Amino acid sequence: MAVPKRKTSKSKKNMRRAANSKYVAVGIINCPQCHEPKLPHRVCKSCGFYKNKEVVETK
Ligand SMILES: [Zn+2]
């Protein structure tokens, strides 16, 4: 709710901002094959696996 800056306590302001910063780390999961962090619905960069099958050659 929009209220004058001075009337919002530091506590209330921080609580409001904390609610929006919860979702920062969304979009990174650990690969089930090699447990490296990867983006969902993408081939894993380190092992080349997608849906438990190797789809990209890796060294
Ligand atoms: Zn992997």
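Before any of the text, the structure's been laid out above.
Keep in mind that what you see is a predicted model, and the values were worked out from it rather than measured.

1. Concerning the coordination of the zinc ion
Inference 1: Taken together, the protein ligands of the zinc ion are C31 (SG), C34 (SG), C44 (SG) and C47 (SG), with distances of 2.2 to 2.3 Å.
Inference 2: Site description for the zinc ion: donor spacing in sequence, C-x2-C-x9-C-x2-C. Within this pair, whereas C34 is found in the loop between β1 (29-30) and β2 (37-38), its partner C44 is found in the loop between β2 and β3 (49-50), the two being separated by 10 residues in sequence.
Inference 3: For C44, a relative accessible area of 3% corresponds to the buried category.

2. Here we look at a nonpolar patch on the surface
Inference 1: Side chains of V43, V55 and V56 sit close together on the surface and give an oily, nonpolar patch of about 210 Å² of accessible area.
Inference 2: Within the fold, V56 resides in the segment after β4 (53-54).

What counts and what doesn't
Residues numbered from 1 in each chain as written. Predicted model: local features only at pLDDT ≥ 70, side-chain atom pairs only at ≥ 80, totals over all residues. Heavy atoms only, no water. Donors = N, O, S within 2.8 Å, 3.2 Å for Na, K, Ca; no water. Helix = DSSP H or I, 4+ residues; strand = E, 2+ residues; numbered from the N terminus. Buried < 20%, exposed > 50% of the residue type's maximum accessible area, 1.4 Å probe, protein only. Patch = residues over 30% accessible without salt bridge, like charges linked within 9 Å, V, L, I, M, F, W, Y side chains within 5 Å. Areas by Shrake-Rupley, 256 points an atom, 1.4 Å probe, with all protein chains shown as cover. Salt bridge = Lys/Arg side-chain N within 4 Å of Asp/Glu carboxyl O.

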